[in-house]
Structure formats: structure tokens, C-alpha cells
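# Remarks on the overall topology
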Amino acid sequence: MHEVPPPTSTSTPAPAPGPSPSAVPAEPLSHGLKQRHLTMLGLGGVIGAGLFVGSGAGIAVAGPAIVVSYLIAGALAMLVMRMLGEMSAAMPASGSFSVHAERALGRWAGFSVGWLYWFLLVVVLAVEATAAAQIAHGWVPGIEPWAWVLLFMVVFTAANLTAVKNFGEFEFWFASLKVGAIVVFLVLGVLAVLGWLPDTDPVGMTNLTGQGGFLPNGWGGVVSGVLTVVFAFGGLEVVTIAAAETDDPARAVGRAVRSAVVRILFFYVGSMLVIVTVLPWTAQQAGLSPYVKVLDAIGVPSAGQIMNIVVFVALLSALNANLYGSSRMIFSLAERGEAPRGLLKVSGGGSRESTGGVPRRAVLASVAFGFVSVLLNLLWPDTVFLYMLNSVGAVLLFVWALIAASQLRLRARLEQEAPEALSLRMWCFPYLTWVTLAGLFGVLLLMLTDEAARPQVLWSAGATALVLLVAVGRQWRERRGSAVADR
């Protein structure tokens, strides 16, 4: 097993690190992100189209019990984030869980999870850019969707090529709008349930117990709901990547993780409870926003256009965050010798917080592949791009499983070698970590039994196997080269 010291962009050393033969020094990243940026990134990073639109599919299969589905999926995400927060607070790094996997399990693990996550982000980036372009095209039909995609990519590339605080400001205001929209929705929903809005009567529990009851499709519907909604929680991981670019990474990530997971669970579960209480679950349809239906039902004018604006902002926010996360992940891989070393160059040598310390080559490398993904999505959405999308469909679960496995190893090591670094601790260690791993494998097994989800698991497993093969092959060649040099 090879262990590496944390990247030079961090401030807290790993406990008893061992040098990696391929690790290379890098210029420091900027520390331009503030606590408010990180907090809102944690809150807004997972509040996207998956919640505002995709939740309709979950309600269609689970009924009012979608609330339970979100509780289960949210609990898994919260436990994973607690583990990741523990490791990131103790050993903050721009590569986050990729660095932790390398320290805990070996270079093959850091290489594999880093490249898989990078690939996931740049592929999903194409989906977000295309969806946002379709909304914009509906507003301005004279401009073709491809032109909107080009505009979005250019704007956010420019934002990510400048000071990191620009990314932070974009995400702060994007997240503020999304969080504000959900708060307003929750307030209006509760008032509608109580009958305190004009022309409304108290709803009571009728919609929770009618139309087949709270579990109209039984516990099988709850399980199907979990499979539908669990991926909506993806994106929280970017908080721990961004923490490395704050003045006090250990404290910043701890505060962000503590606040984000509980509040996000509240927003998700609270929203679903309002939706299935105000309207019968049978009124919802997959592909249509349940938020729009509720707002229409309680008499909010232009509800559809309002939610279109919110979804549009959510997509652009996710695009911006994914471009940032992918650039920092590939920078960290380069820093550890797992990606081309030319990607290590940062602007201004990292000497000026306002303008320096941005890994511009890493940003350009990520956006270049993002442009390729967008082109494939526009030209061959049902063939080539569909295969790419399937190949990352279950990668998030693989990443979460490796986070849990890494935490099992690193927690024991930290308690022996640097217990003072454990400022944020995973609950009920190691029992809840094992429960989380079991839950993640359970979701994967359920996906294999689901005809619609099975291709995602199989294609993602194939992509993971390919990356693992490359990782093991590289490690074997390095060991063989070292053995030859020692003779």
C-alpha cells in the first residue's frame, strides 16, 4: 500500500504519511472561499432538478410513502457525508475522498475513485447544460439550444478560470435562490394544509390516508422510491473538495457538513410531505414537477414559469459546481502523479488570493471533455451518449461505498496516531459505517432486479472494472520498474 502526504494546497498533514514515489509538488490553490460560500454550496449543491422535477417519478411509484423513501435515501447520504466530513476535517485535501481512498486502501483506490468521479461529473454536466438550454430555448425560440449550451459553457468556464471566489459567489446566490424558493414553497404549503390561504379549506390527513392509504403500493413501492430518489442526493461531496480552498479547511468542512445534511434532509422530506398532503398522490406524473401542481392548486399565478426559472437556476448551479469539482479532482490526481503533470499549473502561482491559485489547465481539461459530452448528447442522445450516461449511472454508489471503506481504515489509524485531528466524528463507529455499506450494496442489488435500472449498474460496473484494470496495471508496472532499478 502506498500512502501519500496531503496535497500542498491543504493545511493539515495526514497522520504519519508515507511518501508516494509518483507524488509531485504543486503550486498552492487559492484560499478564496469563505464559510458562507461553503455553507450555501452544501445546502444548494444537491437541490436541483432531481428534486424539483424528478421527485414526481418517486411519488408515482411510492405514493405518500415517498416521504419514507426520502428519509431512507437521505439517511444514507447523511451517514456518508458524516464519514466524509470526519476524514476531510482531519485531513482536508482538494481531492477529498480520492486522497482518503489512496491513504486508506492504496493508490489503486485513489486513482479509481478519482477518475470515476471526474468522468461522472463531466458526463452529467452535459445533461445539465442541455436541459438548461431547452428551457432557455422555450423562452427565446429564436436562439437554438446549441447556442445556449455554448453560452453557458463559455460563461461558467470563464467564471472558473478566474478567482475561486467568483465560483463561490455564483454558487452562493444560486443556492440562495433555490433555498429561498423551497422555504417559500414550504410556508405556502403549510398554510394551504391549514386552510389559511384565500379560497382554501383545511386539507387534513385525507390525501395521506386516501387513494390506497399511506402505502398504496406497499413496501415495494417505498423501495422503488428509494431507487428513484437516492441519486438526487449526489453533489454533497463537492463541499469537502471546496473546503481545501478556505482559510481554515478543517473547521470550515466540519461546520458545512453539520449544517448541510440536516437542513437538506429537512428541505427534501418537508417538501415531499407538503406535496403529498396538499394533493392526492395520484395527481402526480413522472416528468412533471409536483411543485408546479401544488402551486397551481393553491392559486399561485404563473406557477409553471416560476418553477421553470427555479429549475433553470438549479441546472446552471449544478453545471457550475460540477465544472469546479471536476477540475479540482483532476488537479488532485495530477498532484499525486495519477494524471498528466501539466495540469498542475495554477494562475499567479497562488500568491494572490483575489486572482491567483486557480488550476486553469485542469479547468480547461474538464470543460473540454464536457464540450465533447454535450456534443454527443446533442448528436446521439439515444445511442452513444446514452451508453456514456449508463456507464456513470451507479458510479455515485460506488464512490459512496469507497468513502465508507476508507473511513473504516482511516478512523482506526487516526485514533492511534492523531486522535486530536478527529474534530468531527462519525456516529456509532464502526457500526453505522457497516450499516451504510450494507445499505449501499442493498441498493445496488435492488437496482439489478429492476429492469429499468439494471443497465446502469451493469454499464457502471464495466466502467469501474476498466478503470480498476488500468489502476492495477499502472501499479504493477511501477513495482516492476522499481524492482528492476534495485537490481
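To start, this report covers the structure provided alongside it. Note on numbering: residues in each chain are counted from 1, in written sequence order. Only residues with pLDDT of at least 70 get local features here, since the model is predicted, and only at 80 or more are side-chain atom pairs given and counted; chain-wide, interface and lining totals rely on the full set of residues. For the side-chain quantities, the full set of heavy atoms in the structure was used; hydrogens and water were omitted.

## Let's talk about the overall build of the protein
Secondary structure elements follow DSSP: runs of H or I of four or more residues count as helices, runs of E of two or more count as strands, with numbering from the N terminus. Within the protein one finds 19 helices and 0 strands. For the radius of gyration, the atom set is restricted to C-alpha positions; the globular benchmark scales as 2.2 Å times the number of residues to the power 0.38. Its C-alpha atoms give the protein a radius of gyration of 22 Å, within 12% of the compact-globule value 23 Å for 487 residues. In terms of overall dimensions, the protein has a C-alpha envelope of 85 × 55 × 45 Å along the principal axes. Buried means the residue's accessible area, taken with a 1.4 Å probe over protein chains only, is under 20% of the maximum for its type, while exposed means over 50%, and partly exposed covers the values in between. A total of 487 residues make up the protein; the buried ones form 57% of that total. Put simply, of all contacts in the protein between residues at least 6 apart along the chain, 79% involve residues at least 24 apart. Shrake-Rupley sampling with a 1.4 Å probe provides the accessible areas, and residues are treated as covered by the protein chains on show and by no other component. On the protein, roughly 18800 Å² of surface is accessible, and the fraction owed to carbon and sulfur atoms is 68%. Throughout, a residue-residue contact means that at least one pair of heavy atoms, one from each residue, lies within 4.5 Å.

## As for the pattern of salt bridges
Any carboxyl oxygen of Asp or Glu that lies within 4 Å of a side-chain nitrogen of Lys or Arg is treated as forming a salt bridge with it. Per the stated rule, a full pass over the model turns up 8 salt bridges. With its nearest N and O atoms 2.5 Å apart, the salt bridge here joins glutamate 338 to arginine 474. Highlighted residues: glutamate 338 in the loop between helix H14 (303–335) and helix H15 (360–379) and arginine 474 in helix H19 (residues 454–486), separated in sequence by 136 residues. The same class applies to glutamate 338 and to arginine 474, which are both buried. The closest approach of N and O atoms between arginine 425 and glutamate 415, which form a salt bridge, is 3.8 Å. Note that arginine 425 is positioned in the loop between helix H17 (395–417) and helix H18 (431–449) and glutamate 415 in helix H17, a separation of 10 residues in sequence. Look at arginine 425 and you get partly exposed, because its relative accessible area is 35%. Sharing partners across several salt bridges, the network here consists of Glu86, Arg411, Glu415 and Arg425.

## Here we look at helix H13 (residues 290–297)
Residues Pro290, Tyr291, Val292, Val294 and Leu295 constitute the buried set of H13. Where the residues of H13 are buried, they touch helix H2 (49–52), helix H3 (55–62), helix H8 (164–194), helix H12 (249–278) and H14. N or O atoms within 3.5 Å of each other form a polar contact, as long as, within protein, one can give a hydrogen and the other can take it, and as long as residues adjacent in sequence are counted only when both atoms are side-chain atoms. In this structure serine 289 caps H13, since a side-chain oxygen of it lies 3.2 Å from the backbone nitrogen of tyrosine 291.

## Concerning helix H5 (residues 97–105)
The periodicity of an α-helix, 3.6 residues per turn, causes residues three or four places apart in sequence to face the same way. Most of H5 sits inside the fold, with 9 of its 9 residues counted as buried. Where H5 is concerned, the buried positions are Phe97, Ser98, Val99, His100, Ala101, Glu102, Arg103, Ala104 and Leu105. Along its buried surface, H5 packs onto helix H4 (66–90), helix H6 (107–139), helix H11 (238–242), H14 and H17. Within two residues after H5, glycine 106 carries a phi angle of roughly 125 degrees, on the positive side.

## With respect to the side chain of arginine 107
As for its placement among the helices and strands, arginine 107 is situated in helix H6. The class of arginine 107 is buried, set by a relative accessible area of 3%. For arginine 107, the side chain forms a polar contact with the side chain of glutamate 338, separated by 3.0 Å.

Honestly, that's just the spatial picture; any functional story needs more than this.
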